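Observations on the three-dimensional arrangement
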Amino acid sequence: MAIITLTAADGSEVQFYDELKASGGMKDVYFSLNRDYVVAFYRTPAVAAVEERLAVITGIYRERIFNQAGGDYWKKVFCWPTTTVKYREYIGVVVPFYSDDFFFKFGSRNEDMLGIKGREKEGKWFTSPSNRSKYLDPRELGNWLQQLKICIMIARGVRRMHAAGLAHSDLSYKNILIDPSSGRACLIDMDGLVVPGKFPPDVVGTPDFIAPECVMTAHLKRDDPARKLPSISTDEHALAVLIYMYLLLRHPLRGDKCHDLNDTQHDDELAMGAQALFIEHPTDDSNRVRPENIKPAELPWKDPALIPYTVTGPYLTELFQRAFIEGLHKPAARPTADEWERALVKTVDLLQPCANKSCEQGWYVFSNQTQPICPFCNTPFVGKLPVLNLYSSHAQGSFRPDNHRLMVYSGQSLFVWHTNRDIYPNEKLNDAQKKRVGYFVLHDNNWLLVNEGMPDLLDVKNKTPVPIGGNIALTDGLQLLLSKESDGRLVIVQMVG
């Protein structure tokens, strides 16, 4: 097989086999000799505007993201092109090969009946309840905690793009690879990024993820001032749809309302555009999903009456309402990627493992009710459980509630971002900050907090220090000072159940 050797725009040598390995909507893909990168050539001859955009994406924007604090983290989140090459009249991008985690290890059931083993794990496989229940090998599915982690990585990546002034333009489950077994996600097709005001989008987006304002104006010419093209605000719509679908396995706008009986295309344009309506809208039930139209393999996910969006907890519920009620037709009202990231992180702190070891999701948001149950398998929680309500210092001796709680379970960890409001779990954490500073364990029917790294831990009422290596029993009303730092936190224990 012939080997092609080229000199890339950054001066490096690029070698690949002259064998077409894959084709996408706009590019043809060739593998490098060691399969550590691919070269993706645009099928149309290069034009100056495309070359300039690719030079900026692989140059200044790549430098800004990967050569700053947290740069190594972004290599896990983005499959970002490293440079460009020219071959004859065509331009291509050099892109790192995907991690092995993003290819099906087991594939489908019954010895891979669908023949998908080794194929890319596009998100679409995992947002369909029928795919999950009928086809995919259970070892590929992960659990609800892993789905939340996937959403955090996606939101974090979109947040970083937007902070750099970039929009993806085609944010969808087609352009995000996920690994539910590890809770990882990777954003791909980064060479099509939009630089607002400088480089317009190549594509309008993927159906189901295109913002209503783009659908409504799609009939206009691209240079019409009234035409709405992909931007940061349309990314925010797509991000909300993605998070909803990964956590609830259904589309937030695809209900059973019919807008045009005689024209299915026009009906779809209205449903996703001018007449778009949240299927769980609290005051307008005209786009509800009818139970009689749901297939058995799609239950219970497809029926919002069985698993409403409120099972995602208070922080995500609020953002879903903003995204699909207030912000659906008002782009400025949509939650930002940063807001989604923060809400998702706080939601992880509300999780409780399901007592049913056969529960497919394994985890659920503890509702703080007197008799909470897992919404996925209806197994009730039994026993007493401590909830830590977090407060942070704003002035000497003054603490205010942070609207942040930490649910306790045996083995649950406490980290520095719980002890100090000024530390946030993101790409900027150093190795020391990633280590837990305490953990919880149920011992002889008593819940204990074991101190591993909090030198200031103090029982406030009794003024009793809890030394590193020591522990304290959690009781209703217990006040613990976790840190004496300026943004240190105090927790008040609440026993529920």
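Up top you'll find the structure we're talking about.
In this report, the structure presented in the accompanying data block is examined. (Residues numbered from 1 in each chain as written. Predicted model: local features only at pLDDT ≥ 70, side-chain atom pairs only at ≥ 80, totals over all residues. Heavy atoms only, no water.)

**A word on the overall build of the protein chain**
Helix and strand content of the protein chain: 11 helices and 21 strands. For 497 residues, the compact-globule formula gives about 23 Å, and the C-alpha radius of gyration of the protein chain, at 25 Å, lands near that figure. Dimensions of the protein chain, computed from the C-alpha atoms along their principal axes, are close to 80 × 60 × 50 Å. The burial tally for the protein chain puts 53% of its 497 residues in the buried class. Taking all contacts inside the protein chain whose residues are at least 6 apart in sequence as the whole, residues at least 24 apart take part in 58%. Each charge sign in the protein chain was given a centre, from 56 positive and 60 negative side chains, and these centres are 3 Å apart. (Helix = DSSP H or I, 4+ residues; strand = E, 2+ residues; numbered from the N terminus. Rg over C-alpha atoms; globule rule 2.2 N^0.38 Å. Buried < 20%, exposed > 50% of the residue type's maximum accessible area, 1.4 Å probe, protein only. Contact = heavy atoms within 4.5 Å. Lys, Arg positive; Asp, Glu negative; His and termini not counted. Charge placed at Lys NZ, Arg CZ, Asp CG, Glu CD.)

**Digging into the packing of helix α5 (residues 144-163) against helix α10 (residues 337-348)**
Packing of α5 against α10 brings their axes to within 8 Å, and their N-to-C directions diverge by 155 degrees. Classified by the angle their axes make, α5 and α10 are roughly antiparallel. You can see that α5 and α10 cross each other, and the crossing is left-handed. On α10, the residues touching L145, L148, C151, I152, A155, R156, V158 and R159 of α5 are A337, D338, W340, E341, L344, V345, T347 and V348. Of the residues assigned to the contact of α5 with α10, the class counts are 11 nonpolar, one polar and four charged. (Axes fitted to C-alpha atoms, helices over the stretch in contact; angles between N-to-C directions. Parallel < 35°, antiparallel > 145°, perpendicular 65-115°, else oblique. Left-handed = near helix turned anticlockwise from the far one by under 90°. Nonpolar A, V, L, I, M, F, W, Y, C, P; charged D, E, K, R; others polar.)

**Re the sheet that holds strand β14 (residues 413-414)**
Read from one edge to the other, the open sheet built from four strands follows the order β14-β15-β16-β19, with strand pairing classed as antiparallel. In the strand order of this sheet, the two ends are held by β14 and β19 (471-473), each with one partner. Sheet analysis places β14 next to strand β15 (residues 438-443), joined by two bridges and oriented antiparallel. Bridge pairing in β15 links L414 to G438. (Pairing = 2+ DSSP bridges.)

**So, the pairing of strand β16 (residues 446-451)**
Counted residue by residue, β16 has five buried out of six residues, so it is predominantly covered. Two strands pair when backbone bridges link them, and β15 and β16 are joined in this way by six bridges, in the antiparallel orientation. Pairing of V441 across the sheet is with L448, part of β16. Two successive antiparallel strands, β15 and β16, enclose a turn made up of two residues, where D444 displays a positive phi of approximately 55 degrees. Bridging between β16 and β19 involves three bridges; their strand directions are antiparallel. In the strand pairing of β19, V450 is matched with N471.

**Thoughts on α10**
Here α10 contains 12 residues, and its C-alpha end-to-end distance of 17 Å stays within 8% of the 16 Å for a straight helix at 1.5 Å per residue. Taken as a whole, α10 has its buried residues at A337, W340, E341, A343, L344, V345, K346 and T347. If you follow the buried residues of α10, they end up packed against α5, α7 (232-248), α9 (314-326), β10 (351-353), β11 (363-365) and β13 (398-407). (Expected span 1.5 Å × (residues − 1).)

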